[in-house]
Amino acid sequence: MTATLHRLDRKLANTPPASAKTKGKPLISLKGVGLTFGSNEVLRDIDVEIGEGEFVCVIGPSGCGKTTLLRILSGLIQASRGTVSYRGKEQREPASDIAIVFQDYANALLPWRTASQNVSLALEAAGMPRAERRDRIAELLSKVGLSKHADKFPSEMSGGMQQRLQIARCLAQNPSVILMDEPFGALDAMTRQKLQDEILSIVSESNVTAFFVTHDLEEAIYLGDRVIALEPNPGRIAELIDVPLARPRNQLTTREEPEFLALRRKLFDFVLRYE
Amino acid sequence: MTSRANLAWLLASLLVTIAVVFFWQWIANTGYVSRVFLPGPDRAFAALMRDYNSGKLFTEMGETVLRMVVGWLVASIVGIALGAAIGISPLARTWIAPTLELIRPLPASAIAPVAIVFLGMTDNMILLLVAFGSVWPMLLTTIHGFSNVHPRLDEVARVMRLNTFERVYKIALPAAMPDILGGLRLGLTIALILAVVGEMITVQGGLGSRILLAARAFRAPDIFAGVIMLGLIGLVTNVALTALERRLLRWQPAPAH
Ligand SMILES: Nc1ncnc2c1ncn2[C@@H]1O[C@H](COP(=O)(O)OP(=O)(O)OP(=O)(O)O)[C@@H](O)[C@H]1O
Ligand SMILES: [Mg+2]
């Protein structure tokens with residue numbers, strides 16, 4: 001209900017959310033989070049607050065702890081130090097309204113279930129009666145453009161289709177937060193851009209908070225309200241960068257804006273330091 | 001595979017069967033092997049027809065099939081349930097697996113004397129023998145299948161907050177199904193062998209007893225008729241299991257030809 005009002009508010013005001021700080025109370029907050037695997041310190045002193053409806057992207061060189069950070073946020077693993085709280089409560093187990101889009105979609109889908117049955121899993125888990133599932137599944141599949149492939153098994157779908165299916169299944173959880181781990185890493189450029197725009201429209205439609213890990217600097221700028229740049233060994237926040245680009249974003253014009261290019265330059269220099 | 005290619009394969013295998021039968025007849029006719037030991041397919045077939053007409057054939061076959069199937073079903077239920085319990089919990093694996101490894105290499109025929117002591121020369125003894133022998137492939141493949149569920153699927157289950165029952169029923173069991181089906185198939189073969197062995201030991205009817213008695217009386221055609229029936233049972237059950245496998249595993253990508 002409040003979410004709906006919030007959304008309405010935003011629509012009426014018709015102002016693109018500018019800086020993260022203006023975007024309501026923090027939904028997720030990490031304070032002094034650190035993680036050590038055996039003798040390997042992976043993350044140190046991570047402090048971030050993520051507001052409701054915010055789109056936060058994470059970049060950083062390979063092995064700097066991006067995936068680990070996402071897993072801590074999700075509650076799949078626990079931090080060794082510091083606190084992770086979600087809606088003011090400590091995050092101990094995955095919450096039912098946090099969805100994860102895994103990088104390896106081929107492993108995350110149930111290969112013995114068709115596309116619609118895979119989406120159904122999330123609805124079954126939420127206890128939705130069978131009679132209501134059917135319509136919801138059709139709606140979700142059409143949202144990600146898979147209506148025609150409802151009865152295909154994952155093995156009969158292309159990589160892009162499988163990733164879209166995983167996204168549909170995550171949306172079926174009716175999440176308030178979506179955590180995505182390099183979701184488009186294995187896709188070709190065209191599919192990738194299409195899915196970027198789909199994600200943006202889904203997220204803005206339902207005021208979902210997004211945490212998005214990527215290798216692709218331009219993708220981070222294009223999607224995010226903020227970009228977290230992690231530096232490695234141990235993984236720390238090097239910079240928190242606001243992205244002041246207007247929404248809705250556009251694959252052609254947004255990417256040509258001077259701010260976009262300036263940010264790209266800045267992130268590029270950052271990454272070069274660790275090559 | 002196209003249906004035309006299927007048909008070609010079927011024809012080819014049929015041809016091979018026919019060729020073998022002819023070869024068998026030829027060997028028998030030449031008389032290299034005494035007719036007492038090796039009847040031709042003609043005499044074996046005559047024995048089959050005789051027992052078919054008297055109704056004895058299907059009674060005996062029915063007894064053997066019943067023992068095989070009941071023993072195998074018991075073994076499947078026990079094997080899958082126990083395997084699931086062990087496979088899903090790392091703790092159970094470390095506690096129970098060593099004991100299993102100790103019992104597993106025992107040849108099933110070695111427990112026959114033990115089973116006879118407790119159950120006598122009875123039907124139940126045969127069932128125990130069959131179940132004991134065929135439970136292992138089911139148990140081991142189920143443990144393997146359950147403990148090899150991709151960790152990502154476990155995480156999917158956690159993120160969706162599935163309960164233990166849902167995790168077993170919706171994730172682990174279907175994920176382990178290819179392994180389990182392999183175990184079921186192996187188990188069924190062993191079950192047929194042990195049903196016959198049990199019948200030979202106890203002489204409680206069935207094809208095993210028939211073959212044993214025929215051998216004692218030097219009725220070679222009857223032995224061969226019994227062996228042919230056993231072959232048919234094996235063939236039919238295998239075809240049935242293959243059909244089941246196709247149905248349950250139709251999600252698997254077709255193997256490249
Ligand atoms: N389960 C684990 N046990 C021990 N070390 C681990 C484990 N998971 C990750 N690590 C270590 O943590 C560090 C960060 O890994 P992580 O997967 O978070 O990196 P990443 O930033 O996601 O890298 P990439 O961009 O290549 O995906 C690595 O040095 C890795 O070796
Ligand atoms: Mg990673």
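Residues numbered from 1 in each chain as written. Chains lettered and ligands numbered in written order. Predicted model: local features only at pLDDT ≥ 70, side-chain atom pairs only at ≥ 80, totals over all residues. Heavy atoms only, no water.

### Describing the domain arrangement of chain B
Residues and elements named next belong to chain B. Taken as a whole, chain B is organised into domain 1 (1–33) and domain 2 (40–248). Here domain 1 and domain 2 have C-alpha centroids that lie 29 Å from each other. Facing the four residues of domain 1 at the interface are six residues of domain 2. Overall, the association of domain 1 and domain 2 removes approximately 410 Å² of surface from exposure, summing both partners, and the carbon and sulfur fraction of that is 75%. Contact with domain 2 buries area across many residues of domain 1, yet Trp 24, Gln 25 and Ala 28 alone supply 92% of it, more than any other trio. In this assembly, domain 1 and domain 2 are joined by zero salt bridges. Of the residues belonging to the side of domain 1 that touches domain 2, the class tally is three nonpolar, one polar and no charged. (Domains from an automatic or database assignment. Contact = heavy atoms within 4.5 Å. Buried area = accessible area lost by both parts, 1.4 Å probe. Salt bridge = Lys/Arg side-chain N within 4 Å of Asp/Glu carboxyl O. Nonpolar A, V, L, I, M, F, W, Y, C, P; charged D, E, K, R; others polar.)

### Overview of the site of ligand 1
Residue and element names in this part refer to chain A. In the vicinity of ligand 1, the contacting residues are Phe 37, Asn 40, Val 42, Ser 62, Gly 63, Cys 64, Gly 65, Lys 66, Thr 67, Thr 68, Glu 182 and His 215. Between an oxygen atom of ligand 1 and a side-chain N or O atom of Ser 62, the distance comes to 2.5 Å. Contact with the protein chains hides 59% of the accessible area of ligand 1, taken as 640 Å² for the molecule alone. Listing elements by their share of the shell around ligand 1, those giving two or more residues are β2 (40–51) and α2 (66–74). When residues in the shell around ligand 1 are grouped by element, the largest group, three residues, is from α2. Classifying every residue of the shell around ligand 1 gives three nonpolar, seven polar and two charged. (Near = heavy atom within 4 Å. Polar contact = N/O pair within 3.5 Å; in protein donor to acceptor, adjacent residues only side chain to side chain. Areas by Shrake-Rupley, 256 points an atom, 1.4 Å probe, with all protein chains shown as cover. Helix = DSSP H or I, 4+ residues; strand = E, 2+ residues; numbered from the N terminus.)

### Describing the pairing of strand β4 (residues 81–86) of chain A
Residues and elements named next belong to chain A. In the sheet, strand β1 (residues 26–37) pairs with β4 via five bridges, with the strands oriented antiparallel. When the bridges of β4 are listed, Lys 31 appears paired with Thr 83. In this structure, β4 lies alongside strand β5 (residues 89–90), joined through two bridges in antiparallel fashion. Counted as the bridge partner of Tyr 86 is Lys 89 from β5. (Pairing = 2+ DSSP bridges.)

### Description of the pattern of salt bridges
Close approach of charged atoms allows side chains with opposite charge to pair. Within this structure, the stated rule accounts for 30 salt bridges over all chains. Among the salt bridges present, the one from Lys266(A) reaches Glu239(A), with a minimum N-O distance of 3.6 Å. Of this pair, Lys266(A) sits in helix α10 (residues 258–272) while Glu239(A) sits in strand β10 (residues 236–242); the two residues are 27 residues apart in sequence, bridging distant segments of the chain. Classification of Glu239(A) as partly exposed rests on a relative accessible area of 27%. Between Asp51(B) and Arg210(B) there is a salt bridge; the shortest N-O distance is 2.6 Å. Placement of the pair is Asp51(B) in helix α2 (residues 41–54) and Arg210(B) in helix α9 (residues 206–216), with a sequence separation of 159 residues. (Buried < 20%, exposed > 50% of the residue type's maximum accessible area, 1.4 Å probe, protein only.)

### Thoughts on the sheet that holds strand β9 (residues 226–231) of chain A
All names here are of chain A. Here six strands make up an open sheet; going across it, the order is β6-β7-β8-β3-β9-β10 and the pairing mixed. Two strands bound the open sheet, and with one partner strand each, they are β6 (98–101) and β10. Recorded for the sheet is a direction-independent mean angle of 15° between the axes of neighbouring strands. As paired elements, strand β3 (residues 55–59) and β9 share four bridges and run parallel to each other. When the sheet's bridge partners are listed, Val 56 is paired in β9 with Arg 226. Along the sheet, α10 makes contact with β3, β9 and β10, crossing β10 at roughly 170°. (Axes fitted to C-alpha atoms, helices over the stretch in contact; angles between N-to-C directions.)

### Regarding the domain arrangement of chain A
Residues and elements named next belong to chain A. Split by domain assignment, chain A resolves into domain 1 (2–97 + 175–272) and domain 2 (110–174). On the side of domain 2, 11 residues touch domain 1, which itself brings 15 residues to the contact. When domain 1 packs against domain 2, the two sides together hide about 1000 Å² of surface, and 67% of this comes from carbon and sulfur. Counting across the domain 1 and domain 2 interface gives one salt bridge. A salt bridge links Glu 205 to Lys 143, with the nearest nitrogen and oxygen atoms 3.8 Å apart. Inspection of the domain 1/domain 2 interface yields one residue pair in polar contact (both at pLDDT 80 or more). Ranked by residues supplied to the side of domain 1 that touches domain 2, first place goes to helix α7 (residues 189–205) with seven residues. In terms of residue class, the side of domain 1 that touches domain 2 is made up of eight nonpolar, three polar and four charged.

### Focus: the confidence of the model for chain A
A low pLDDT means the predicted coordinates there should not be read in detail. Averaged over chain A, the pLDDT score is 87; the fraction of residues at 70 or greater is 91%. Confidence drops under a pLDDT of 50 for residues 1–23 of chain A, and excluding neighbours within four residues, the segment shows 23 contacts in the predicted structure. (pLDDT = per-residue confidence, 0-100.)

### Some thoughts on the packing of aromatic side chains
Within the structure shown, the criterion is met by eight aromatic pairs over all chains. Centre to centre, the rings of Tyr52(B) and Phe58(B) are 5.7 Å apart; their planes meet at 80°, and the pair counts as edge-to-face. Overall, the relative accessible area of 43% leaves Tyr52(B) in the partly exposed class. Take Phe58(B): its relative accessible area is 45%, and that puts it in the partly exposed class. Each residue in the set Phe55(A), Phe184(A) and Phe212(A) is aromatic and connected to the rest through ring pairs, giving one cluster. Over the face of the ring belonging to Tyr222(A) we find Arg255(A), whose NZ or CZ atom lies 4.7 Å from the ring centre. (Phe/Tyr/Trp six-rings, centres within 6.5 Å; stacked < 30°, edge-to-face > 60°. Lys NZ or Arg CZ within 6 Å of the ring centre and 35° of its normal.)

### What to know about the interface of chain A and chain B
Across the boundary between the two partners, chain A contributes 26 residues, which contact 19 residues of chain B. Carbon and sulfur atoms supply 64% of the area buried between chain A and chain B, which totals about 2100 Å² over both sides. If you sort the residues of chain A by the area they bury against chain B, Leu76(A), Asn107(A) and Trp112(A) come out on top, with a joint share of 27%. The interface formed by chain A and chain B includes four salt bridges. Where Glu124(A) meets Lys170(B), a salt bridge forms, and the shortest distance between an N and an O atom there is 2.9 Å. Counting across the chain A and chain B interface gives eight residue pairs in polar contact (both at pLDDT 80 or more). Looking at the side of chain A that touches chain B, the elements that each hand over two or more residues are β6, α3 (105–108) and α4 (115–125) of chain A. The element best represented in the side of chain A that touches chain B is α4(A), accounting for four residues. Of the residues belonging to the side of chain A that touches chain B, the class tally is 15 nonpolar, five polar and six charged.

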